[in-house]
Amino acid sequence: MTATNAIVIGGGIHGCCTALHLALRGMRPIVLEKNTVGRHASGVNAGGVRQLMRHAAEVPLSMAAMDRWERLDDLLGPKLAKDCEFIGGIGQIGIAASEAEMDWCQTRVAEMRSLGHAFEEVIDAKELRRLVPGAADICRGGIISRRDGHANPFRTTQSFRLRAEQLGVRIMERTRVTGLEQGDGGWTVMTDSGVLRSDIVVNCGGAWAWQVAAMIGEHFPSTHFASTLMVTSRMPHFIDPVVIGIDRVLSFKQTEAGTVVIGGGILGDPDLNAETADTVADRMVVSAQTVYDFFPILRRATIVRSWAGLEALMPDVIPVIGPSQVARNLWHAFGFSGHGFQLGPIVGSVIADLVADGQSAIPIAAFSPARFSAATGTPR
Ligand SMILES: Cc1cc2nc3c(=O)[nH]c(=O)nc-3n(C[C@H](O)[C@H](O)[C@H](O)COP(=O)(O)OP(=O)(O)OC[C@H]3O[C@@H](n4cnc5c(N)ncnc54)[C@H](O)[C@@H]3O)c2cc1C
């Protein structure tokens, strides 16, 4: 039987980053991934690296993550850091298309300032057009976080995986965890390719993490959804910042190659059991129409591809990060509710701090698994 001191369930960005940080703490983790690393949300997302318009509870974590994004070299080394294709400091902008949305931007910035956060600013129509020359007349201004940017999600997840492997982490792909039992000697982890033993377990199971938690009798009201994206053929460079809608479903960015990645909340059809998610053409039209309204230049674009990915959703749209409430030596990090990629470089280090020191310097009380007590969580 294989024995180790740490098993991480899930080979998404959070599982790879957690294993990497546990290895930096001297452990020899094994990552168990039922498919392949980056196969699900972490590899297929929009790559948005965004502090903008985050839930207030997530802001300290998101700011700490941004510090890591800006120093990926330190964690990954220059080659793997470059492979992430992170571009920061270009800004993400929430575009306001009505007076009500401009009022919302003012209120949001005032609220953030009252909490001591000055990273968001309201911008008027003139500044918006300076930053985004192609914006249509309906765009009245908006809210910006100038530090934000984007990265390549698949290559970033692979970079974290490769760095973890360099540090001695073992990745077992096509290995599904089917059961967990705790005894005096630690955890027995049943998989479809054998049994392993480990001192600790970290549940980074993404949309399936609630199933992993249920294996130890801990129940979370985690649901799931399918976010969708489409990509255009190459276009002449016309925009640097990432733009998102406020009340309208819109999100897009232009890549270095010239293609435009369009998303923003249009949902596809998820199938958790089949582990697939499909786009629905009729719904994608709504997304395309919003983009055309805001950026007429995109009427010339051709959509070449669309896809969807499965993501966990918590009722309060913030993640679960912290120790199990029903078992010792098991930690959860899941439920990122559509915006966990940006948090990728930090959550693993928070988990490693919790494992090694029992606490994190970054405030994480809002993410406690205890907020969904085992008694009130809704078992599926
Ligand atoms: C289309 C789309 C666009 C998005 N855009 C953005 C964005 O622009 N910016 C942003 O910040 N976030 C974005 N997100 C969200 C982001 O991708 C996720 O929050 C993040 O990737 C979650 O990472 P994870 O490691 O928790 O989950 P995942 O990447 O889903 O990894 C979990 C892994 O656990 C494995 N697993 C589960 N159960 C088991 C088991 N029993 N045994 C073995 N393995 C198991 C799964 O196979 C999976 O690979 C987007 C998501 C989608 C789908």
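Just so you know, these numbers come straight off a predicted model, no measurement behind them.

Peer 1: I would appreciate a short explanation of the site of the ligand in the present structure.
Peer 2: Lining the immediate environment of the ligand, one finds 37 residues, of which Glu33, Ser42, Gly48, Glu311 and Gly340 sit closest. The side chain of Lys34 places a nitrogen or oxygen atom 2.9 Å from an oxygen atom of the ligand. In the complex, the protein chains occlude 95% of the 1000 Å² of accessible area that the ligand would expose alone. Those elements that place two or more of their residues in the shell around the ligand are α1 (13-24), α2 (41-44), β12 (223-232) and β18 (303-313). If one sorts the elements of the shell around the ligand by residue count, α2 sits on top with three residues. Of the residues belonging to the shell around the ligand, the class tally is 13 nonpolar, 19 polar and five charged.

Peer 1: For this particular structure, what's the right way to read the side chain of Ser198?
Peer 2: If you trace the backbone, Ser198 turns up in strand β11 (residues 194-203). At 2.6 Å, the side chain of Ser198 forms a polar contact with the backbone oxygen of Ile200. Setting aside chain neighbours within four positions, we find Ser198 in contact with Thr4, Asn5, Ala6, Ile7, Gly186 and Trp187.

Peer 1: What is the right way to read the packing of aromatic side chains from this model?
Peer 2: We describe a pair of aromatic rings using the distance from one ring centre to the other and the angle between the two ring planes. This structure, assessed with the given rule, holds six aromatic pairs. Residues Trp69 and Phe86 carry aromatic rings whose centres are separated by 5.2 Å and whose planes lie at 35° to one another, so their mutual orientation is tilted. Here Phe86 lies in the loop between α5 (78-83) and β4 (92-96) and Trp69 lies in helix α3 (residues 59-69), a separation of 17 residues in the sequence. Residues Phe220 and Phe372 carry aromatic rings whose centres are separated by 6.4 Å and whose planes lie at 80° to one another, so their mutual orientation is edge-to-face. Here Phe220 is found in the loop between α9 (209-214) and β12, whereas its partner Phe372 is found in the segment after α11 (344-357), with 152 residues between them in sequence. Of the residues examined, Phe220 reaches a relative accessible area of 1% and is grouped as buried. Aromatic ring contacts, followed pair by pair, group Trp69, Phe86 and Phe341 into a single cluster. Positioned above the aromatic ring of Trp208, the side-chain terminus of Lys34 is 3.5 Å from the ring centre.

Peer 1: Help me understand the UniProt feature "domain: FAD dependent oxidoreductase" (unreviewed entry) in the chain in this model?
Peer 2: UniProt records the feature "domain: FAD dependent oxidoreductase" (unreviewed entry) for residues 6-354 in the present numbering. With 30% helix and 29% strand, the stretch residues 6-354 has end C-alpha atoms that lie 13 Å from each other.

Peer 1: I tried to follow the pattern of salt bridges on my own but got confused; where do I start?
Peer 2: If charged atoms from side chains of opposite charge come close, those side chains can pair. One pass over the structure, following the stated rule, counts 21 salt bridges. Residue Glu127 pairs with Arg146 through a salt bridge whose shortest N-O separation is 3.2 Å. Residue Glu127 is found in helix α7 (residues 125-131), and its partner Arg146 is found in the loop between β6 (141-145) and β7 (149-150); the two are separated by 19 residues along the sequence. Between Arg371 and Asp316 there is a salt bridge, and its shortest N-O distance comes to 2.6 Å. Taken together, the positions of Arg371 in the segment after α11 and Asp316 in the loop between β18 and β19 (320-323) put the pair 55 residues apart, joining distant regions of the chain. Via salt bridges that share partners, Lys79, Asp83, Glu85 and Arg155 belong to a single interconnected network.

Peer 1: For this particular structure, what's the right way to read the pairing of β4?
Peer 2: Where a strand is regular, its side chains alternate between the two sheet faces. When you tally the buried positions in β4, you get five out of five residues, the bulk of the element. On β4, burial covers both faces: Gln92, Gly94 and Ala96 on one face and Ile93 and Ile95 on the other are all buried.

Peer 1: So what exactly am I meant to see when it comes to the pairing of strand β20 (residues 330-334) here?
Peer 2: In terms of burial, β20 is a largely internal element, five of the five residues being buried. Burial of β20 is two-sided: the residues Leu330, His332 and Phe334 facing one way and the residues Trp331 and Ala333 facing the other way are all buried. Bridge count between β11 and β20: three bridges; the pairing is parallel. Each residue of the ladder has a partner; that of Val202, found in β20, is Trp331.

Calculation rules
Residues numbered from 1 in each chain as written. Predicted model: local features only at pLDDT ≥ 70, side-chain atom pairs only at ≥ 80, totals over all residues. Heavy atoms only, no water. Near = heavy atom within 4 Å. Polar contact = N/O pair within 3.5 Å; in protein donor to acceptor, adjacent residues only side chain to side chain. Areas by Shrake-Rupley, 256 points an atom, 1.4 Å probe, with all protein chains shown as cover. Helix = DSSP H or I, 4+ residues; strand = E, 2+ residues; numbered from the N terminus. Nonpolar A, V, L, I, M, F, W, Y, C, P; charged D, E, K, R; others polar. Contact = heavy atoms within 4.5 Å. Phe/Tyr/Trp six-rings, centres within 6.5 Å; stacked < 30°, edge-to-face > 60°. Buried < 20%, exposed > 50% of the residue type's maximum accessible area, 1.4 Å probe, protein only. Lys NZ or Arg CZ within 6 Å of the ring centre and 35° of its normal. UniProt positions renumbered as here; feature names shortened; annotations may be inferred. Salt bridge = Lys/Arg side-chain N within 4 Å of Asp/Glu carboxyl O. Pairing = 2+ DSSP bridges.

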